[in-house]
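Letter by letter, the chains look like this.
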Amino acid sequence: MLVTEQRFKDFTKKEICNAHKNTEVLIAIDADSREKVDEMVKTAVDAGRSIYMEPQDHGWIYGHSFADLDGHQWEIMYMDENAIPQ
(Lines give C-alpha, C1' and ligand atoms only; values in the text may rest on other atoms or scores of the structure.)
Protein backbone atom coordinates (compact mmCIF):
# COMPACT_ATOMS: atom_id res chain seq x y z
CA MET A 1 0.00 0.00 0.00
CA LEU A 2 1.38 3.40 -0.92
CA VAL A 3 0.28 6.22 1.36
CA THR A 4 1.53 9.64 2.36
CA GLU A 5 3.91 9.89 5.30
CA GLN A 6 1.22 11.59 7.37
CA ARG A 7 -1.22 8.72 6.74
CA PHE A 8 1.52 6.13 7.32
CA LYS A 9 1.98 7.52 10.84
CA ASP A 10 -1.54 6.24 11.61
CA PHE A 11 -0.24 2.67 11.20
CA THR A 12 2.75 2.75 13.54
CA LYS A 13 3.81 4.03 16.95
CA LYS A 14 7.45 4.14 15.82
CA GLU A 15 9.28 7.10 14.33
CA ILE A 16 9.36 7.17 10.52
CA CYS A 17 12.88 6.80 9.20
CA ASN A 18 14.54 9.26 6.83
CA ALA A 19 15.21 7.10 3.76
CA HIS A 20 17.72 9.66 2.45
CA LYS A 21 19.99 8.64 5.36
CA ASN A 22 18.95 5.06 6.17
CA THR A 23 17.60 2.14 4.18
CA GLU A 24 14.03 1.60 5.28
CA VAL A 25 12.89 -0.68 2.50
CA LEU A 26 14.11 -2.05 -0.83
CA ILE A 27 11.35 -2.51 -3.39
CA ALA A 28 11.97 -4.97 -6.23
CA ILE A 29 9.75 -5.22 -9.28
CA ASP A 30 9.98 -7.84 -12.01
CA ALA A 31 9.92 -6.59 -15.61
CA ASP A 32 9.09 -8.49 -18.81
CA SER A 33 12.35 -7.60 -20.61
CA ARG A 34 15.64 -5.72 -20.35
CA GLU A 35 14.11 -2.98 -22.46
CA LYS A 36 11.20 -2.67 -20.02
CA VAL A 37 13.69 -2.34 -17.12
CA ASP A 38 15.38 0.59 -18.85
CA GLU A 39 12.03 2.12 -19.85
CA MET A 40 10.71 2.03 -16.27
CA VAL A 41 13.87 3.61 -14.85
CA LYS A 42 13.88 6.28 -17.58
CA THR A 43 10.25 7.09 -16.80
CA ALA A 44 11.11 7.49 -13.11
CA VAL A 45 14.14 9.69 -13.87
CA ASP A 46 12.12 11.81 -16.32
CA ALA A 47 9.60 12.34 -13.48
CA GLY A 48 12.30 13.71 -11.17
CA ARG A 49 13.64 10.57 -9.49
CA SER A 50 17.36 9.78 -9.46
CA ILE A 51 19.48 6.82 -10.54
CA TYR A 52 20.36 4.80 -7.44
CA MET A 53 22.82 2.38 -9.07
CA GLU A 54 24.00 1.90 -12.61
CA PRO A 55 22.56 -1.07 -14.56
CA GLN A 56 23.85 -4.50 -13.57
CA ASP A 57 24.02 -7.21 -16.23
CA HIS A 58 24.80 -10.74 -15.06
CA GLY A 59 23.77 -12.43 -18.31
CA TRP A 60 20.61 -14.16 -17.10
CA ILE A 61 19.54 -11.35 -14.77
CA TYR A 62 19.52 -7.65 -15.56
CA GLY A 63 18.63 -4.86 -13.20
CA HIS A 64 18.66 -1.13 -12.76
CA SER A 65 17.45 1.03 -9.89
CA PHE A 66 16.26 4.47 -8.94
CA ALA A 67 15.48 6.34 -5.74
CA ASP A 68 12.08 7.94 -5.30
CA LEU A 69 11.57 11.45 -3.93
CA ASP A 70 11.56 10.10 -0.36
CA GLY A 71 14.86 8.27 -0.92
CA HIS A 72 13.46 4.72 -1.14
CA GLN A 73 15.34 2.37 -3.44
CA TRP A 74 13.41 0.71 -6.28
CA GLU A 75 15.05 -2.24 -8.08
CA ILE A 76 13.66 -3.13 -11.50
CA MET A 77 14.81 -6.59 -12.58
CA TYR A 78 14.47 -8.88 -15.60
CA MET A 79 15.31 -12.54 -15.12
CA ASP A 80 15.70 -14.87 -18.12
CA GLU A 81 15.06 -18.27 -16.51
CA ASN A 82 16.14 -20.08 -19.71
CA ALA A 83 19.61 -18.56 -19.38
CA ILE A 84 20.26 -19.42 -15.71
CA PRO A 85 23.69 -21.07 -15.47
CA GLN A 86 23.51 -24.78 -14.72
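Quick note: structure is the one above.
Computed from a predicted model, the values in this text were never measured in an experiment.

Space inside the largest pocket adds up to approximately 630 Å³. In this structure, the largest pocket is lined by 24 residues; those nearest its centre are Leu2, Val3, Asp68, Asp70 and His72. Taken together, the elements giving at least two residues each to the lining of the largest pocket come down to α1 (5–8) and α2 (34–46). Residues belonging to the lining of the largest pocket are distributed by class as follows: 14 nonpolar, 5 polar and 5 charged.

Attention now goes to the environment of Ser65. Its location among the elements puts Ser65 in strand β3 (residues 61–67). Look at Ser65 and you get buried, because its relative accessible area is 1%. The spatial distance from the C-alpha of Ser65 to the C-alpha of Ile84 is 21 Å, given a sequence separation of 19 residues. Leaving out residues up to four positions away in the same chain, Ser65 has contacts with Val41, Ile51, Tyr52, Met53, Gln73, Trp74 and Glu75. Only 3.2 Å separates the side chain of Ser65 from the backbone nitrogen of Met53, close enough to count as a polar contact.

Attention now goes to α2. For α2, built from 13 residues, the straight-helix expectation of 18 Å at 1.5 Å per residue is met to within 8% by its first-to-last C-alpha distance of 18 Å. Among the residues of α2, those classed as buried are Val37, Val41 and Ala44. The arc that holds every buried residue of α2, seen down its axis, measures 60°, which confines them to one face. Turned more than 90 degrees away from the buried face of α2, the exposed residues are Glu35, Lys42 and Asp46. Lining the buried residues of α2 we find β2 (50–57), β3 and β4 (73–79).

This part takes up the nonpolar core. Judged by nonpolar contacts, Ala31, Val37, Val41, Ala44, Tyr62, Phe66, Trp74, Ile76 and Tyr78 together constitute the single largest core of 9 residues. Those elements that provide at least two residues to this core are α2, β3 and β4. Setting aside anything within four residues of it in sequence, one finds Val41 in contact with Ile51, His64, Ser65, Phe66 and Ile76.

The subject of this paragraph is the sheet that holds strand β1 (residues 26–30). Here we have 4 strands laid out as an open sheet, ordered β1-β4-β3-β2, and mixed in their pairing. This sheet does not close on itself; its edge strands, each paired only once, are β1 and β2. On average, adjacent strands in this sheet sit at an angle of 20° to one another, irrespective of strand direction. Note that β1 and β4 share 5 bridges and pair parallel. Its bridge partner being in β4, Ile29 is matched across the sheet by Ile76.

The rules behind these values
Each residue is numbered by its place in its chain's sequence as written, counting from 1. Predicted model: local features are reported for residues with pLDDT of at least 70 only, side-chain atom pairs are reported and counted for 80 or more only, and whole-chain, interface and lining totals are derived from all residues. To obtain the side-chain values, all non-hydrogen atoms of the structure were used and water was disregarded. Here a cavity denotes a set of grid points, spaced 1 Å apart and computed over the protein atoms alone, in which a 1.4 Å probe fits but from which it cannot get out, and a pocket denotes an open set meeting protein on both sides within 12 Å along at least five of seven lines; residues with an atom within 4 Å of a point are reported as lining. Grid points are joined across faces, edges and corners, and a volume is the space filled by probe spheres set on the points. In this description a helix means any DSSP run of H or I spanning at least four residues, a strand means any run of E spanning at least two, and both kinds are numbered starting from the N terminus. In the scheme used here, Gly and all other residues not listed as nonpolar or charged are polar, with Ala, Val, Leu, Ile, Met, Phe, Trp, Tyr, Cys and Pro taken as nonpolar and Asp, Glu, Lys and Arg as charged. Note on exposure labels: buried denotes an accessible area under 20% of the residue type's maximum, exposed denotes more than 50%, and partly exposed covers the range between, all computed with a 1.4 Å probe on protein chains only. In what follows, a contact means two residues having at least one pair of non-hydrogen atoms within 4.5 Å. The term polar contact refers here to a pair of N or O atoms within 3.5 Å; inside protein, the definition further demands a hydrogen-donor-capable atom paired with an acceptor-capable atom, and it admits residues adjacent in sequence only when both atoms are side-chain atoms. A helix is expected to span 1.5 Å multiplied by its residue count minus one. Comment: arc refers to directions from the helix axis out to C-beta atoms. What is meant by a nonpolar core is a set of buried Ala, Val, Leu, Ile, Met, Phe, Trp, Tyr and Cys residues, joined one to another through side-chain atoms within 4.5 Å. Strand pairing requires that DSSP identify at least two bridges connecting the strands. Only C-alpha atoms enter the line fits that serve as axes; for helices the fit covers just the stretch in contact. Angles between N-to-C directions range over 0 to 180 degrees.

None of this, on its own, says anything about what the molecule does.
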